[in-house]
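# Chain and residue survey
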Amino acid sequence: MTEQDEQDGPEMETVHLLRRVSMEFGLRQAEFAHRNGMHPTDVRALVCLLDAGRAGTPATAGWLGARLGLNSAGTTALIDRLEGLGHVTRTRDPHDRRRVLLTVDARAVERGREFFGQPLARMAGLLRTFDDRETAAVLRFLQEAHAALGGDRDRSAAQDRGPLGVSAPAPPRPARGPR
């Protein structure tokens with residue numbers, strides 16, 4: 001098999017399809033952001049916060065900034081914007097009053113369901129037609145694809161090692177514009 005055959009094989013067809021799905025998600029997120037007077041980063045922040053809530057992860061400003069690759073000032077501006085739009089609430093951590101936790105407001109969740117609900121329900125319905133082995137294969141592929149792209153940046157260094165024992169590179173820092 002030549003290098004070109006490997007690049008054009010069914011594996012790469014799957015990778016390219018995943019890229020198209022990712023682009024489509026991004027376009028839908030941008031459309032949602034535009035319709036709701038938000039920046040695309042605002043939508044990514046809401047997704048991060050929703051994921052944190054489902055995982056039981058306490059979401060703080062520092063945690064969110066690290067997930068999005070933002071500095072402290074950018075994170076504060078983002079949270080202020082989302083709070084001003086009524087999408088996010090800040091509450092003191094009941095276990096550590098020095099910490100402020102972020103949660104997505106129920107109205108923002110409902111707005112997201114109205115916009116994304118139908119395609120997400122269609123995907124979930126499709127997955128319900130898969131047997132356990134097929135579902136496990138899809139899940140394993142997506143988890144490893146996520147890891148290959150640098151996902152789960154908040155994992156410990158030991159967990160951040162790939163199958164060959166090599167640490168994933170640090171995510172690039174966002175460029176700073178003129179002040």
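Residues numbered from 1 in each chain as written. Predicted model: local features only at pLDDT ≥ 70, side-chain atom pairs only at ≥ 80, totals over all residues. Heavy atoms only, no water.

## So, the environment of Gly 26
- With respect to the helices and strands, Gly 26 occurs in helix 2 (residues 10-35).
- Sequence-wise, Gly 26 and Pro 40 are 14 residues apart; in three dimensions their C-alpha atoms are separated by 8.6 Å. (Helix = DSSP H or I, 4+ residues; strand = E, 2+ residues; numbered from the N terminus.)

## Topic: the packing of aromatic side chains
- All chains considered together, the criterion is met by 3 aromatic pairs.
- For the pair Phe 115 and Phe 116, a centre-to-centre distance of 4.8 Å together with 75° between the ring planes defines the contact as edge-to-face.
- Residue class for Phe 115 comes out buried when judged on its relative accessible area of 13%.
- Ring pairing ties together the aromatic residues Phe 32, Phe 115 and Phe 116, which thus form one cluster. (Phe/Tyr/Trp six-rings, centres within 6.5 Å; stacked < 30°, edge-to-face > 60°. Buried < 20%, exposed > 50% of the residue type's maximum accessible area, 1.4 Å probe, protein only.)

## Some points on helix 4 (residues 61-68)
- Residues of helix 4 that are buried: Trp 63, Leu 64 and Gly 65.
- Where helix 4 is buried, its residues meet helix 3 (40-55), helix 5 (72-84) and strand 2 (96-104).
- One or two residues past the end of helix 4 sits Gly 69, with phi positive at roughly 75°. (Contact = heavy atoms within 4.5 Å.)

## Describing the pairing of strand 2
- Sheet analysis places strand 1 (residues 88-93) next to strand 2, joined by 6 bridges and oriented antiparallel. From the neighbouring strand, Arg 90 faces strand 2, where its bridge partner is Leu 102.
- Here strand 1 hands over to strand 2 after 2 residues, the two strands then running antiparallel side by side. (Pairing = 2+ DSSP bridges.)

## Some words on the confidence of the model for the protein chain
- Taken as a whole, the protein chain shows an average pLDDT of 84; of its residues, 80% reach a score of 70 or greater.
- Note on residues 154-174: pLDDT is under 50 here. Beyond four places in sequence and across chains, it has 11 contacts. (pLDDT = per-residue confidence, 0-100.)

## Looking at helix 3
- The terminal C-alpha atoms of helix 3 lie 23 Å apart, and with 16 residues this matches the ideal 22 Å at 1.5 Å per residue to within 8%.
- For helix 3, the elements touching its buried residues are helix 2, helix 4, helix 5, strand 1 and strand 2.
- One or two positions beyond helix 3, positive phi appears at Gly 56, with a value near 75°. (Expected span 1.5 Å × (residues − 1).)

## Overview of the pattern of salt bridges
- Following the criterion strictly, the structure yields 8 salt bridges and no others.
- One salt bridge in this structure joins Asp 42 and Arg 81, with 2.7 Å as the shortest N-O distance. Pair noted here: Asp 42 is in helix 3 and Arg 81 is in helix 5, with a separation of 39 residues, a long-range link.
- Between Arg 90 and Asp 80 there is a salt bridge, with the nearest N and O atoms lying 2.2 Å from each other. Taken as a pair, Arg 90 in strand 1 and Asp 80 in helix 5 lie far apart in primary sequence, 10 residues in all.
- Bridged by salt links that share partners, the residues Asp 80, Glu 83 and Arg 90 form one connected network. (Salt bridge = Lys/Arg side-chain N within 4 Å of Asp/Glu carboxyl O.)

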